[in-house]
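The lines below spell out each chain.
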Amino acid sequence: MTAAAYLRMYLPADLAERHPRHTVTEAGSTPILTRSEFGVYTESPRDDAFVAEYEGRRYVCPRTPRLRMLEGLIAFRNAASAPTSTMLVPDPLADRASRELERIQRRAPAKRSHILTSPFYVPLRWFGAFAPTERDLLQTDDGLTIRYRTARSSGRCRVSSEP
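Residues numbered from 1 in each chain as written. Predicted model: local features only at pLDDT ≥ 70, side-chain atom pairs only at ≥ 80, totals over all residues. Heavy atoms only, no water.

## Some remarks on the pairing of strand 6 (residues 57-62)
Phase 1: Note that strand 2 (residues 11-12) and strand 6 share 2 bridges and pair antiparallel. Paired with leucine 11 across the strands is valine 60, a residue of strand 6.
Phase 2: Relative to strand 6, strand 5 (residues 49-54) runs antiparallel, the two sharing 6 bridges. From the neighbouring strand, tyrosine 54 faces strand 6, where its bridge partner is arginine 57. (Pairing = 2+ DSSP bridges. Helix = DSSP H or I, 4+ residues; strand = E, 2+ residues; numbered from the N terminus.)

Structural data, given as structure tokens:
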């Protein structure tokens, strides 16, 4: 599996819509490749959420895998130049993905992706939302994990273009 970095936006559970808790597969299990009309993925298509307890409060991060897959496909297509972009994501596929994304946004205008994913490395711009003191080093079964946590208002203030 490719190493990846994730930037997740957790919302207070009482302010977020209700999502079932995301269940993680056993450590060391092999992800199952699933083919869909928009590509191959290993992530569960279930519309659930990551749940975290922090300072006595419960927070949820909606996964919205279908929405993220569509946004990622379109972003990938737009990032590559022709003819590479059209070979990897043909026009009919890009059109179908755009139409489905528009349908999702029409049905639920407030629905947003709460997870950014970056393969291989952590983009430097992500660190701008956090103070150095908001870093936690954790030892997990998979090795050392670095986690940053901040209040949404603090992160927004730090990345805002306003002084």
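There is more to say after this.
## Observations concerning the environment of arginine 66
Phase 1: Here arginine 66 is to be found in helix 1 (residues 65-79).
Phase 2: Overall, the relative accessible area of 29% leaves arginine 66 in the partly exposed class.
Phase 3: Expressed as a C-alpha distance, the spacing of arginine 66 and glutamate 100, which sit 34 residues apart in the sequence, is 9.8 Å.
Phase 4: With near-sequence residues (within four places) excluded, arginine 66 lies in contact with Glu37, Phe38, Glu100 and Ile104. (Buried < 20%, exposed > 50% of the residue type's maximum accessible area, 1.4 Å probe, protein only. Contact = heavy atoms within 4.5 Å.)

## Description of helix 1
Phase 1: Taking 1.5 Å per residue, 15 residues should reach 21 Å; helix 1 reaches 20 Å between its end C-alpha atoms and fits that length.
Phase 2: For helix 1, every residue scored as buried is listed here: Pro65, Leu67, Arg68, Met69, Leu70, Leu73, Ile74 and Arg77.
Phase 3: The elements touched by buried residues of helix 1 are strand 3 (34-36), strand 4 (39-41), helix 2 (84-88), helix 3 (91-107) and strand 7 (115-119). (Expected span 1.5 Å × (residues − 1).)

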